[in-house]
Amino acid sequence: MSYTLRGRIESRLAALLPVLVAALAIALSEHRWWPLQAVGLMLGAGLVLDTQAYHRVLRYQPGWAALPLGALELGLLVLLMHVTGVMAPLAQAIALFAGGWLAAQLLGHAAFPLLRLGYAEEGGELGRLGAAAAVLLGVGLAASASVAYALRPPVVHLAAGVHQGPLVITRREVLSGEPGAIVRGGIVVRANGVTIRNVSVVGGENGISIEGYRNTVLDHVSVSGAKLDGIHVRLGGVMIKDCSVDMLGNPLGQGIDISYNIGVGMSMVDGCNVVGGMNGIVTHSSMTEIARNHVSRTQIAGISMTEMSMGKIQSNEVRDALGVGINCGDRSMCEIRKNVVIGTRSDAAGGNKTRAGFGVEVLFGAEAELSGNDLTRNAATLGVFQSSLARRER
Amino acid sequence: MGVAIVGSGLAGFTAYQALRRGGLEQGEIAVFGTEADPAATWRVRAAAIRQREMRSESDGHTRPATFPGLAFSSVRRRRSLRPLVESVCDRYHPTVDEFLAHVEERRERSGWDQSVRARRVERVEAVDGGLELDGEGPFAHVLVAPGHPGLAWPEELRIDPRAVHAYEPHGYASSVTVVGAGLAAATEWLNALAAGAEVVSVRRREPRRAPLNVPREYFSQRGLASFHRLAPGERAARLRDLLGASYPAGRRFDEPLERAAREGRFRVEQSVNGSEQVICATGFRRGFAHDPLLARLVTEHGLETVDGWIVLAPDGAVAALSDATRTLALAGAPAQWAFPAADTLAGARYAAHGFLRRIASCRTR
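Just so it is clear, the model here is predicted, and its values are computed rather than measured.

Q: Even after reading the chapter, I still don't get the overall build of chain A, so can you show me in this structure?
A: Per the secondary structure count, chain A includes 5 helices and 30 strands. Relative to the globule expectation of 21 Å for 394 residues, the C-alpha radius of gyration of chain A, 28 Å, shows a markedly less compact shape. At a minimum sequence separation of 6, the contacts of chain A that also span at least 24 residues come to 44%.

Q: Is there a simple way to think about the overall build of chain B in this case?
A: Helix and strand content of chain B: 12 helices and 17 strands. Rg of the C-alpha trace for chain B: 21 Å, near the compact-globule value of 21 Å for 365 residues, within the 12% margin. Going through the 365 residues of chain B one by one, you find that 47% of them count as buried. Excluding contacts between residues fewer than 6 apart, the proportion of contacts in chain B whose partners are at least 24 apart in sequence is 70%.

Q: Would you mind going over helix 1 (residues 10-21) of chain B with me for this structure?
A: At 3.6 residues per turn, the α-helix brings residues three or four places apart onto the same side. Residue and element names in this part refer to chain B. A rise of 1.5 Å per residue sets the reference length of helix 1, with its 12 residues, at 16 Å; its end C-alpha atoms lie 16 Å apart and thus fit the reference within 8%. Those residues of helix 1 lying buried are Leu10, Ala11, Gly12, Phe13, Thr14, Ala15, Tyr16, Gln17, Ala18, Leu19 and Arg20. Just downstream of helix 1, Gly23 is the residue with a positive phi angle, here 110°.

Q: So what exactly am I meant to see when it comes to the nonpolar core here?
A: Side chains of a nonpolar character, in soluble globular proteins, are inclined to be buried together. Residues Val6(B), Ala15(B), Val124(B), Val142(B), Leu143(B), Ala331(B) and Ala351(B) are the most contacted members of the largest nonpolar core, which totals 72 residues. The element contributing the most residues to this core is helix 12 (residues 345-361) of chain B, with 9 residues. Beyond its immediate chain neighbours, meaning those up to four positions away, Leu143(B) contacts Ile5(B), Val6(B), Ala15(B), Ala329(B), Ala331(B) and Phe355(B). Among the nonpolar cores identified, the runner-up in size contains 59 residues, and Ile240(A), Cys243(A), Val245(A) and Ile256(A) belong to it.

Q: For this particular structure, what's the right way to read the confidence of the model for chain B?
A: Where the model shows low pLDDT, its predicted coordinates should not be examined in detail. Confidence in the prediction of chain B, expressed as mean pLDDT, is 94, and 99% of residues score 70 or more. Overall fold confidence for the complex sits at a pTM of 0.72, while the interface term, ipTM, reaches 0.90.

Q: Teacher, can you tell me more about helix 8 (residues 221-229) of chain B here?
A: Turning to helix 8 of chain B, its buried residues number three or more, namely Gln221(B), Arg222(B), Gly223(B), Leu224(B) and Phe227(B). Structurally, helix 8 of chain B contributes buried residues whose contacts are with helix 9 (232-242) of chain B.

Q: In this structure, what is going on with the sheet that holds strand 5 (residues 130-133) of chain B? I would like to understand it.
A: One key point about sheets: their strands pair by backbone hydrogen bonds, in either a parallel or an antiparallel sense. Residues and elements named next belong to chain B. Spatial strand order, 4-5-6: 3 strands in an open sheet with antiparallel pairing. On the outer flanks of this sheet lie strand 4 (124-127) and strand 6 (136-139), each paired with one strand and no other. Here the strands of the sheet are splayed against their neighbours by 25° on average, with no regard to which way each runs. The pairing of strand 4 with strand 5 spans 4 bridges and is antiparallel. Bridging across to strand 5, Val127 finds its partner in Gly130.

Q: Help me understand the sheet that holds strand 3 (residues 167-169) of chain A, please; the structure alone is not making it clear to me.
A: Residue and element names in this part refer to chain A. Strand order in the open sheet made by the 10 strands is 3-6-9-12-15-18-21-24-27-29, with parallel pairing throughout. Lying at the two open borders of the sheet, with one neighbouring strand each, are strand 3 and strand 29 (380-385). This sheet shows a mean twist of 5° between the axes of neighbouring strands, independent of strand direction.

Q: What's the story with the packing of helix 7 (residues 183-194) of chain B against helix 10 (residues 251-262) of chain B in this structure? I'm lost.
A: Pairs of packed helices are described in terms of their axes, by the angle between the two and the distance that separates them. All names here are of chain B. At a minimum axis separation of 10 Å, helix 7 and helix 10 run at an interaxial angle of 50°. On the basis of the axis angle, helix 7 is oblique to helix 10. Remark: the crossing between helix 7 and helix 10 carries left-handed chirality. Residues Ala186, Trp189, Leu190 and Leu193 of helix 7 lie in contact with helix 10, whose contacting residues are Phe253, Pro256, Leu257 and Ala260.

Q: Would you take a moment to explain the packing of helix 1 of chain B against helix 12 of chain B for this structure?
A: All names here are of chain B. Between helix 1 and helix 12, the least distance of the axes is 8 Å, while the angle of their chain directions is 45°. In this view, helix 1 runs oblique relative to helix 12, as classed from their interaxial angle. As helix 1 runs across helix 12, the sense of the crossing is right-handed. Contacts from Leu10, Ala11, Thr14, Ala15, Ala18 and Leu19 in helix 1 reach Leu345, Ala348, Arg349, Ala351, Ala352, His353, Phe355 and Leu356 in helix 12. The residue inventory of the contact of helix 1 with helix 12, partitioned by class, reads 11 nonpolar, 2 polar and 1 charged.

Q: Is there a simple way to explain the environment of Ala380(A) in this structure?
A: Residue and element names in this part refer to chain A. Looking at the element boundaries, Ala380 is found in strand 29. C-alpha separation for the pair Ala380 and Asn273, spaced 107 residues apart in sequence, amounts to 24 Å. Leaving out residues up to four positions away in the same chain, Ala380 has contacts with Ala356, Gly357 and Phe358.

Q: Mind showing me how you'd approach unusual backbone geometry here?
A: For residues other than glycine, phi is negative in most cases, and the peptide bonds are mostly trans. Along the chain, Gly165(A) connects to Pro166(A) via a cis peptide bond; the corresponding omega equals 0°. At the junction of Phe67(B) and Pro68(B), the peptide bond is cis and its omega measures out at -5° in the coordinates. With respect to the helices, strands and loops of the structure, Pro68(B) is situated in the loop between helix 2 (40-48) and helix 3 (70-78). At Ser315(A), a position not held by glycine, the phi torsion is positive, near 55°. Taking the number of C-beta atoms within 10 Å as the measure of exposure, Ser315(A) has 17 and is therefore partly exposed. We note that Arg50(B) has phi near 55°; this positive angle belongs to a residue other than glycine. When you line up the elements, Arg50(B) lands in the loop between helix 2 and helix 3. The exposure class of Arg50(B) is partly exposed, given the 14 C-beta atoms found within 10 Å.

Q: Any chance you could explain the environment of Arg117(B) here in plain terms?
A: Residue and element names in this part refer to chain B. Within the secondary structure layout, Arg117 lies in strand 3 (residues 116-118). Judged by the 14 C-beta atoms lying within 10 Å of it, Arg117 is partly exposed. Sequence separation between Arg117 and Val31 is 86 residues, and the spatial gap between their C-alpha atoms is 5.8 Å. The residues contacting Arg117, other than those within four sequence positions of it, are Ala30, Val31 and Phe32.

Q: I keep staring at the pairing of strand 25 (residues 333-337) of chain A and nothing clicks. Help me out?
A: Every regular strand shows the same layout, with side chains that alternate between the two sheet faces. All names here are of chain A. Residue alternation in strand 25 divides its side chains into a buried set, Cys334 and Ile336, and an unburied set, Met333, Glu335 and Arg337. As paired strands, strand 22 (residues 310-314) and strand 25 are joined by 5 bridges and run parallel to one another. Counted as the bridge partner of Met310 is Met333 from strand 25.

Basis of the calculations
- Residues numbered from 1 in each chain as written.
- Chains lettered and ligands numbered in written order.
- Predicted model: local features only at pLDDT ≥ 70, side-chain atom pairs only at ≥ 80, totals over all residues.
- Helix = DSSP H or I, 4+ residues; strand = E, 2+ residues; numbered from the N terminus.
- Rg over C-alpha atoms; globule rule 2.2 N^0.38 Å.
- Contact = placed C-beta atoms within 7 Å.
- Buried ≥ 20, exposed ≤ 12 C-beta atoms within 10 Å, placed from the backbone.
- Expected span 1.5 Å × (residues − 1).
- Core = buried A, V, L, I, M, F, W, Y, C linked by C-beta atoms within 7 Å.
- pLDDT = per-residue confidence, 0-100.
- Pairing = 2+ DSSP bridges.
- Axes fitted to C-alpha atoms, helices over the stretch in contact; angles between N-to-C directions.
- Parallel < 35°, antiparallel > 145°, perpendicular 65-115°, else oblique.
- Left-handed = near helix turned anticlockwise from the far one by under 90°.
- Nonpolar A, V, L, I, M, F, W, Y, C, P; charged D, E, K, R; others polar.

Have a look at this one:
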C-alpha cells in the first residue's frame, strides 16, 4: 500500500479503536490505569512515527513491513512506559500491543477495503469513516478519563472513636481515619490497592495483616498491643510510611514483618517508629527498602534483613537493642548506609558469640556493603560470621 | 435505464461488478459489447504469448473491493498457505487459469450475461437528459471501456511476411527475432527458447525492470495527487515515461536468458536481421484517434486532448460532458490520463469506483 499521510493517520486512528475498547475492558476489570496509558503512548508514538518517519521513508509499504515496524513500535512502547513510569505487567502490555497489531492488520487488509471500496487507491484514507474514527477515539479517550475518574478508589472515612474489629477490607479503597479513630482487634487487608491512612490499631492477632495482596499503602498508622506481629505482610507489596508500632510486652512478635514478596517488586518501610518486639523490622526473602526509621528496645535485632532478602537499610536509628542492632543474614545482600546504632547490649552470656551486642552483624553467607554508619556506641561494632562478607565503603 | 457500459471486456466487467456492489440491479445496467465473455479478448492474447502467470498480484481481480484477493482463493485451491505468504511479500502472482476461473465465477454470480446487449456502439452523443448510444437512450451515466484500439506494428514490418504479432496465435521457427522490450517480449524470448529457437531481441532501449507496469505509488493517491497536479504537457511526458516497456526482475527471466546467451542462442541486436520469423511484441496502438468511437466523440463534442489522450477528470470522467445529472467516463487504456495504470485490473477498479461515486452523488438517481 502506498499511504498518503492522511491515510496513514486515519487508518491508525481507526485501528486503535478496538485497542482502546480492549484497554478500557482491562482497565475496568483490573482497576488499573496502565492499559489506557499504554494506548495513549501507542497513539502518540504512532503519530510521531507516521508524520516524521514512515511517510517520508516509505513511499510504498509492502505487507511484510508490518512485522519490523510492529517490532519497532513495540520496543518504543516498552521504552516509553519505562521512561514515563507506567507500571504495567510486561506480558499483558505486550499482549495488548500484539492484539492491536493483529487487529490493525485485519482491518487494513480486509475490513477497511470492504467498508470503503477505494481504500487502497485512496492511500488508506477513510473519508467519513476516518473522521468518525478520530471522533470516536477522542470520545473514547474522554470516556477513559471519565472511567479513570470513576475508578478512583472510594474513600471510607473512619470516624473518631473506637471501632470494634477485626476490620476486614475486601475491596480497593482508601480507609481514612479522622483524628482519634481507633480500630480494636486489628485490620485484615483482602484486596489489592488498599490505602489505610491515619488509623490507630489496638490489639488483634496481627495489628495489620496483608497476605497475598499488592499495592497496599499504610500511611500514618499506629499499631499497639498485637498478639503476633504489629504489621504482618506475606506475599504482598506494601509501602509503609510514617507509622508507629508499639510491641512492648510482646517479646516474640515482630514489629513489622515483610516476608516472601521477592516476586512482587519492592516494598518500603519509611519513617516508622518501632518499639519492642523480637525484631523491630524484619524481612525474609523480600526486596525492601528500610529507611529513616527509629527502632528501639528489641529482643533479637533492631532491623533484620534475612533469608535471601535484598535491599537497603538506610538512615535509620536503632537504639537499645539486645544482641544485634542491624542484621544482614542468611545469604541476603544488604546495603547498610548512614545508620546510627546506639546502645546495643550483649546477649552472649550463654556463649553465643553472635549475640555480643554488635551494631551491625553479617551472618551466614550474607553480603553487606556498609558506609557512613555510626556504630561506635555499642557493645561491639561489626560482627561478620559464617562465610559472610562485609565491605566498608568510604 | 440509467446506466450503460460500452465495452464488454475486463474493464467493463470490473465496472459492472462495482455497480452491482453499489446497489444497481441487473436491469438497471446495460452493457454493450460484442462478446458475452468478458475475458474473451484477453484470453486469446494471453494464450498467444503462452502466458501462465499474471503480472498483477493478489488484488489483480475484478471484485469491487481489493479484499479478498486472489491469494485467498489460491489458498483454498492449492490447500497451502504459501500464496498468502507470497502475497505479503509481493511475490504472489495468480496463474492465468486461476484468474480466468475467478472471472467465470464473478460472471455467473453477478448476472452479467443478462445485462449484455450484443452490439457494437459506434457513437456516443450528449443530449438533453443524458447520453445517447447510437440513438438509444438517453442514459444518465455511461462508462466507455473500448479496450485497446488494435495491435501496434512497426511500420517497416507491417507487410513483412515473416512478421506475426505476439498477441496473435503463432508457433516458433528455428530462428526468431522478437521486437519489443516489455513483458510480452520477455515472455516470447522464453517461449521461443523453450521451443528450441535461436532468439534475437531487437529493442530501441534497454527494458526497465519493474514488478508492475507503473511504480506502485501511482496506484494510490500517494503518487496520483502530484500526477494530477501536473500541467498537461508535463503530464503527457510523465505518462510516456511511466508507460515505457518493462518486465519484472527475477530469476524466472534472468536464468534462462543468461543460459541461452552462454550457449549462443540469445542475443540483442539493433535491427531486424534475417531470422525466419519476426514476432512483434510491440503492444497496442495508443491514442484516441485509433478508436473510431472515441475519435468521433472528440470530434463531435470538441473535447480537449493532449498528445493522443482525452483530457479527463481525476476520477476518469470526461468533464465537458459530465455534470450533476449525467456522467461520461472512460475506463481501460483511454483512462490513462486519470490513472496511468488504467489498462490493468487495478486501473479498471479505479475507474469503476470513480464512476460509481459519480452515480451515487447524482441527484437525479
